[in-house]
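Understanding the architecture of this molecule
Each chain is listed here by its residues.
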Amino acid sequence: MSKLPNIGTSIFTIMSKMAAEHDAINLSQGFPNFPVDTVLTDIVARLAKENVHQYLPMAGYPPLLSNIALLVKKSYYRIILPENEILVTAGATQGIFTTIQALVQANDEVVILDPSYDCYEVPILLCNAKPVRVSLNDDYTPNWNTIENACSAKTRMIIINNPHNPTGKILTQSDFEALESILDKYPDIIVLSDEVYEYITFEEKHISAHTRSKLFNRCVMVSSFGKSFHVTGWKIGYLVAPEHLMKEIKKVHQFMVFSVNSLCQVAISEYLDVVSVDGIAKLYQEKRDYFRELLATSRFKLLPCEGTYFQVASYEAISSENDIDFCKKLITEYGVAAIPISTFYENGKDLHLIRFCFAKDNATLEKAAQRLCKI
Ligand code: PMP
Ligand code: GLN
């Protein structure tokens, strides 16, 4: 008997595979197609010949832990303890899985906000806990009344994703105030704050859980170097959590992976010695603006994008098909792959919206836009 009878293949796998089969421009799964900084690849080339190929300490390469603490301090003025409050993980995905396995018990409830990224539900189900999916408002702001109504003595965790995949929405100070007032009423709830796009926000600055002192003792923050340094295939990220939660998370981590890829950890640590994260937002803001400009004459209606490298578009003026069929047709007839937004909802709510990834070189964006403008 399947433990996960209702879970199929991820939409990112399906669409990327279909894009490859039809030689379509792949704006579906989120990954950059431009070259990685040669400073980073030079570090890797040098390290490959050095003695960095054996197990590292379970929680992470100590200089990397210190550099993460420094990065958090520089970015958010928060002091965290490298040895007790940070864990390097095999991507944010493993960090999220491990956190949920460690902290959620059978019959607990976990609040997830729809539309929602796909990696939260399965670890909850595998704990025999219950995902409680609450819809965001039509403009993708959280409806804190509905969220509060979904909370009860059974609720163990609320998962927030900020900046938000797929909508590009970011949370405001008043969102955090509303969240904190729910937490005041439910002292056992902890927050899992998925901030993998923390360095990719545009007009408005990202507000991290790291800046909310009320959350420090009851929040696990997750980030991904895959996003910040354009190396999604390296699968390297990290968690920041207070020691009492981290102790539990490490118990699971040590038997899930024990420790993460040594070469990547050392490389990222050395890279952090010499680069800053300051340019990332500008790079992607230019890409967002360029992509939007290229699509200005198309029949797609572009929704606002405050952060991430995803642009949501309505195809209502083009077709009344459901979004999955529309995305398939987009690949087979027009040679561009995108992600149907209905797949981010529990009930497959279809608003005729699709998601494009604009983390691509300009030539790719231009070629894709040329095709999209012809529809
Ligand atoms: N959370 C969100 C919101 C994401 O978009 C992604 C996509 N990669 C992840 C987590 C997983 O990140 P990683 O590739 O580092 O596992
Ligand atoms: N986070 C990526 C996206 O949203 C997908 C990563 C994956 O395929 N697991 O496109």
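Note that the structure is predicted; figures quoted are calculated from it, not measured. (Residues numbered from 1 in each chain as written. Chains lettered and ligands numbered in written order. Predicted model: local features only at pLDDT ≥ 70, side-chain atom pairs only at ≥ 80, totals over all residues.)

**As for the overall build of the protein**
Within the protein, the regular secondary structure consists of 14 helices and 13 strands. The buried share of the protein, reckoned over its 375 residues, is 45%. Long-range contacts, defined here as pairs at least 24 residues apart, represent 73% of the contacts in the protein between residues at least 6 apart. (Helix = DSSP H or I, 4+ residues; strand = E, 2+ residues; numbered from the N terminus. Buried ≥ 20, exposed ≤ 12 C-beta atoms within 10 Å, placed from the backbone. Contact = placed C-beta atoms within 7 Å.)

**Re the domain arrangement of the protein**
Taken domain by domain, the protein comprises domain 1 (11-36 + 278-373) and domain 2 (38-274). On a C-alpha basis, the centroid separation for the pair domain 1 and domain 2 is 25 Å. Across the contact, 21 residues belong to domain 1 and 26 residues belong to domain 2. Those elements giving two or more residues to the side of domain 1 that touches domain 2 turn out to be helix 12 (279-294) and strand 10 (310-314). (Domains from an automatic or database assignment.)

**Focus on the site of ligand 1**
In the neighbourhood of ligand 1, 15 residues make up the surrounding shell, with Gly-91, Ala-92, Thr-93, Asn-165 and Ser-224 lying closest. Among the elements that make up the shell around ligand 1, the one with the highest residue count is helix 5 (residues 91-103) (three residues). Of the residues assigned to the shell around ligand 1, the class counts are four nonpolar, nine polar and two charged. (Near = placed C-beta within 6 Å. Nonpolar A, V, L, I, M, F, W, Y, C, P; charged D, E, K, R; others polar.)

**So, the sheet that holds strand 10**
The sheet built from four strands is open, its strands ordered 9-10-13-12 with antiparallel pairing. This sheet does not close on itself; its edge strands, each paired only once, are strand 9 (301-302) and strand 12 (339-340). Judged from the two bridges that link them, strand 12 and strand 13 (residues 353-357) form a sheet pairing that is antiparallel. Bridge assignment links Pro-340 to a residue of strand 13, and that residue is Ile-354. (Pairing = 2+ DSSP bridges.)

**Here's the deal with the sheet that holds strand 3 (residues 109-114)**
One open sheet holds the seven strands; their spatial order is 2-8-7-6-5-3-4, and the pairing between them is mixed. Each of the sheet's edge strands pairs with one partner strand only, and the pair in question is strand 2 (86-89) and strand 4 (130-135). Strand-to-strand twist of the sheet, defined as the mean angle between neighbouring strand axes without regard to direction, takes the value 20 degrees. Alignment of strand 3 against strand 4, held across six bridges, turns out to be parallel. Each bridged residue has a counterpart across the sheet, and for Leu-113 the counterpart in strand 4 is Val-134. Against the sheet, helix 3 (residues 62-76) makes contact with strand 2 and strand 8 (237-240), and its axis sits at roughly 115 degrees relative to strand 2, the strand it touches most. Across the sheet, helix 5 touches strand 2, strand 5 (155-161), strand 6 (190-194), strand 7 (219-224) and strand 8, and the angle it forms with strand 7 is around 160 degrees. (Axes fitted to C-alpha atoms, helices over the stretch in contact; angles between N-to-C directions.)

**Comments concerning the site of ligand 2**
Every residue lining ligand 2 is accounted for by Ser-10, Phe-12, Gln-29, Gly-30 and Asn-165. Split by residue class, the shell around ligand 2 holds one nonpolar, four polar and no charged.

**Digging into the packing of helix 3 against helix 11 (residues 262-274)**
Direction vectors running N to C along helix 3 and helix 11 enclose 40 degrees, while the axes themselves pass 9 Å from each other. By the angle between their axes, helix 3 is oblique relative to helix 11. Where helix 3 crosses over helix 11, the handedness of that crossing is left-handed. On helix 11, the residues touching Pro-63, Leu-64, Asn-67 and Leu-71 of helix 3 are Gln-265, Ile-268, Ser-269, Leu-272 and Asp-273. Of the residues assigned to the contact of helix 3 with helix 11, the class counts are five nonpolar, three polar and one charged. (Parallel < 35°, antiparallel > 145°, perpendicular 65-115°, else oblique. Left-handed = near helix turned anticlockwise from the far one by under 90°.)

**Here we look at unusual backbone geometry**
With an omega dihedral of -10 degrees, the bond running from Asn-162 to Pro-163 counts as a cis peptide bond. Counting through the fold element by element, Pro-163 comes out in the loop between strand 5 and helix 8 (173-185). Cis geometry is adopted by the peptide bond preceding Pro-166, which originates at Asn-165 and carries an omega value of 15 degrees. Mapping Pro-166 onto the fold places it in the loop between strand 5 and helix 8. One non-glycine residue, Asn-107, adopts positive backbone phi at about 75 degrees. Unusually for a residue other than glycine, His-352 sits at a positive phi of about 60 degrees. Residue placement: His-352 occurs in the loop between strand 12 and strand 13. With 20 C-beta atoms counted inside 10 Å, the residue His-352 sits in the buried group.

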